[in-house]
Amino acid sequence: MDALDKVIKPKTKRAKRFLEKREPKVSENIKNAMLIKGGNANATVTQVLRDVYALKKPYGVLYKKKNITRPFEDQTSLEFFSKKSDCSLFMFGSHNKKRPNNLVIGRMYDYHVLDMIELGIEKFVSLKDIKTSKCPEGTKPMLIFAGDDFDVTEDYRRLKNLLIDFFRGPTVSNVRLAGLEYVLHFTALNGKVYFRSYKLLLKKSGCRTPRIELEEMGPSMDLVLRRTHLASDDLYKLSMKMPKALKPKKRKNISQDTFGTTFGRIHMQKQDLSKLQTRKMKGLKKRPAETGTEDQGKKSKRMKKN
């Protein structure tokens, strides 16, 4: 039995609060990411990890020491660091002759590796190389994905889902226009993934809606897909399972169409239309001749009954 799997009983109130934060919740906390250097990481890979950490702050942990591990061969060290730092996302950087400038991006489920994808860095421009103003720490980015491969190929589809999970930041109910400060753009084209980061500039347009300009902020990377370790369909569905407390309760006689319009069905008793109160008009008033024929009809019915 691993030391981290043992049942730990808190001895102080501070330790109790710490363990309560780690317990499973109905609404989970914001996912944190850990950025780890391999034992042979070069200057390019180290700078990539620093730049990604600058985008992820304050929801990231950067390990400055080198860690000799190979995620595709042995995942125990990643799972250990995940439990230690309470991180469900990770990025591992390494460099060798066979796979130069290598990045492994992945995520955890129940402190075990769910899926991970290996990417090679072919071209890199750092944050500090682009001399423009940067966004403040903790800013939520807009994510844009371009290219048919993200919707057609299974590996690219899972990569898109992984990148959304990694960079989306906190979940918010409302977005202010002035709060849209930068964009992360991913383009899949000719077997490569082009990663670009832009700062959003709101300019005067002469009307209520401002004119938008994009200014490259960095970092900028040209990535190529290498190895993949994807979860099985059953495990992937299990990780996406929603707790019962968060599932919307079914409401009777209420439905929605594809456009989100809500329709309600009302059940009423059968109405007698002859007693329906209509607008009083002269044309709708009964004439004396009509009332006389109705009275004669009622009398004849009574006579027949007798």
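Before reading on, note that the structure itself is shown above.
Residues numbered from 1 in each chain as written. Predicted model: local features only at pLDDT ≥ 70, side-chain atom pairs only at ≥ 80, totals over all residues. Heavy atoms only, no water.

**A look at the nonpolar core**
In terms of nonpolar packing, the biggest core is built from 32 residues, with Met91, Phe166 and Phe167 touching the most fellow members. If you tally residues by element for this core, the top one is helix H5 (residues 154-167), at six residues. Setting aside its immediate chain neighbours within four residues, Phe167 contacts Val52, Leu55, Pro141, Leu143, Leu184 and Phe186. (Core = buried A, V, L, I, M, F, W, Y, C linked by side-chain atoms within 4.5 Å. Buried < 20%, exposed > 50% of the residue type's maximum accessible area, 1.4 Å probe, protein only. Helix = DSSP H or I, 4+ residues; strand = E, 2+ residues; numbered from the N terminus. Contact = heavy atoms within 4.5 Å.)

**Digging into the environment of Gly120**
With respect to the helices, strands and loops of the structure, Gly120 is situated in strand E5 (residues 112-125). Gly120 sits in the buried class, given a relative accessible area of 0%. The spatial distance from the C-alpha of Gly120 to the C-alpha of Val224 is 5.1 Å, given a sequence separation of 104 residues. Sequence-distant contacts of Gly120, that is, excluding residues within four places in its chain, are made with Asn101, Asp222, Leu223, Val224 and Arg226.

**Notes on the side chain of Glu118**
Along the chain, Glu118 falls in strand E5. A relative accessible area of 1% places Glu118 in the buried class. Residues in contact with Glu118, not counting those within four places in the same chain, are Phe72, Arg99, Asn102, Leu103, Val104, Val224, Leu225, Arg226 and Arg227.

**Quick word on a positive patch on the surface**
Together, Lys13, Arg14, Lys16, Arg17 and Lys21 line one region of the surface with positive charge. Position of Lys13 relative to the elements: it lies in helix H1 (residues 13-22). (Patch = residues over 30% accessible without salt bridge, like charges linked within 9 Å, V, L, I, M, F, W, Y side chains within 5 Å. Areas by Shrake-Rupley, 256 points an atom, 1.4 Å probe, with all protein chains shown as cover. Salt bridge = Lys/Arg side-chain N within 4 Å of Asp/Glu carboxyl O. Lys, Arg positive; Asp, Glu negative; His and termini not counted. Charge placed at Lys NZ, Arg CZ, Asp CG, Glu CD.)

**Digging into H5**
Residues three or four positions apart in an α-helix share a direction because the helix packs 3.6 residues into each turn. Over its 14 residues, H5 runs 20 Å from end to end, which matches the ideal 20 Å to within 8%, given 1.5 Å per residue. Those residues of H5 that sit buried are Tyr156, Arg158, Leu159, Leu162, Leu163, Asp165, Phe166 and Phe167. With its phi angle positive at about 75°, Gly169 sits one or two positions after the end of H5. (Expected span 1.5 Å × (residues − 1).)

**Some details on unusual backbone geometry**
Across the junction of Lys57 and Pro58, the peptide omega takes the value 0°, indicating a cis bond. With respect to the helices and strands, Pro58 occurs in the loop between helix H2 (43-56) and strand E2 (60-67). Look at Asp86: it is not a glycine, yet its phi comes out positive at around 55°. You can see Asp86 is positioned in the loop between helix H3 (76-85) and strand E3 (89-94). Of note in this structure, Tyr111 is not a glycine but carries a positive phi near 60°. Here Tyr111 is to be found in the loop between strand E4 (102-109) and E5.

**Section: H2**
An ideal rise of 1.5 Å per residue puts 20 Å on 14 residues; H2 measures up with 20 Å between its terminal C-alpha atoms. Residues of H2 that are buried: Val45, Thr46, Gln47, Val48, Leu49, Asp51, Val52, Leu55 and Lys56.

**Overview of a nonpolar patch on the surface**
Residues Leu177, Leu202, Ile212 and Leu214 make up a contiguous nonpolar surface patch of about 370 Å² in total accessible area. Mapped onto the elements, Leu177 comes out in the loop between H5 and strand E7 (182-189).

**Regarding the pattern of salt bridges**
Tallied over the entire structure, the rule returns 14 salt bridges. In this structure, the salt-bridge partner of Arg227 is Glu73, at a minimum N-O distance of 3.6 Å. Of this pair, Arg227 sits in strand E10 (residues 220-229) while Glu73 sits in the loop between E2 and H3, and the two are 154 residues apart along the sequence. Its relative accessible area of 54% is what places Glu73 among the exposed residues. Salt-bridge contacts for Arg168 lead to Asp165; the nearest nitrogen and oxygen are separated by 3.8 Å. Here the salt bridges do not stand alone but share partners, grouping Lys31, Arg107, Asp115, Glu154, Arg157, Arg158, Asp165 and Arg168 into one network.

**So, the packing of aromatic side chains**
The tally for this structure, following the rule as stated, stands at nine aromatic pairs. Both rings, one in Tyr63 and one in Phe81, keep their centres 5.0 Å apart while their planes meet at 50°; by these two values the pair is tilted. Of this pair, Tyr63 sits in strand E2 while Phe81 sits in helix H3, and the two are 18 residues apart along the sequence. Looking at Phe81, the relative accessible area reads 13%, which means it is buried. Ring geometry for Phe167 versus Phe186: centroids 6.1 Å apart, planes at 40°, classification tilted. Here Phe186 lies in strand E7 and Phe167 lies in helix H5, a separation of 19 residues in the sequence. With respect to burial, Phe167 and Phe186 carry one shared label: buried. Among the aromatic residues, ring-to-ring pairing joins Phe145, Phe150, Tyr156, Phe166, Phe167, Phe186 and Phe195 into one connected group. Taking NZ or CZ as reference, Arg227 lies 4.4 Å from the ring centre of Phe72, over its face. (Phe/Tyr/Trp six-rings, centres within 6.5 Å; stacked < 30°, edge-to-face > 60°. Lys NZ or Arg CZ within 6 Å of the ring centre and 35° of its normal.)

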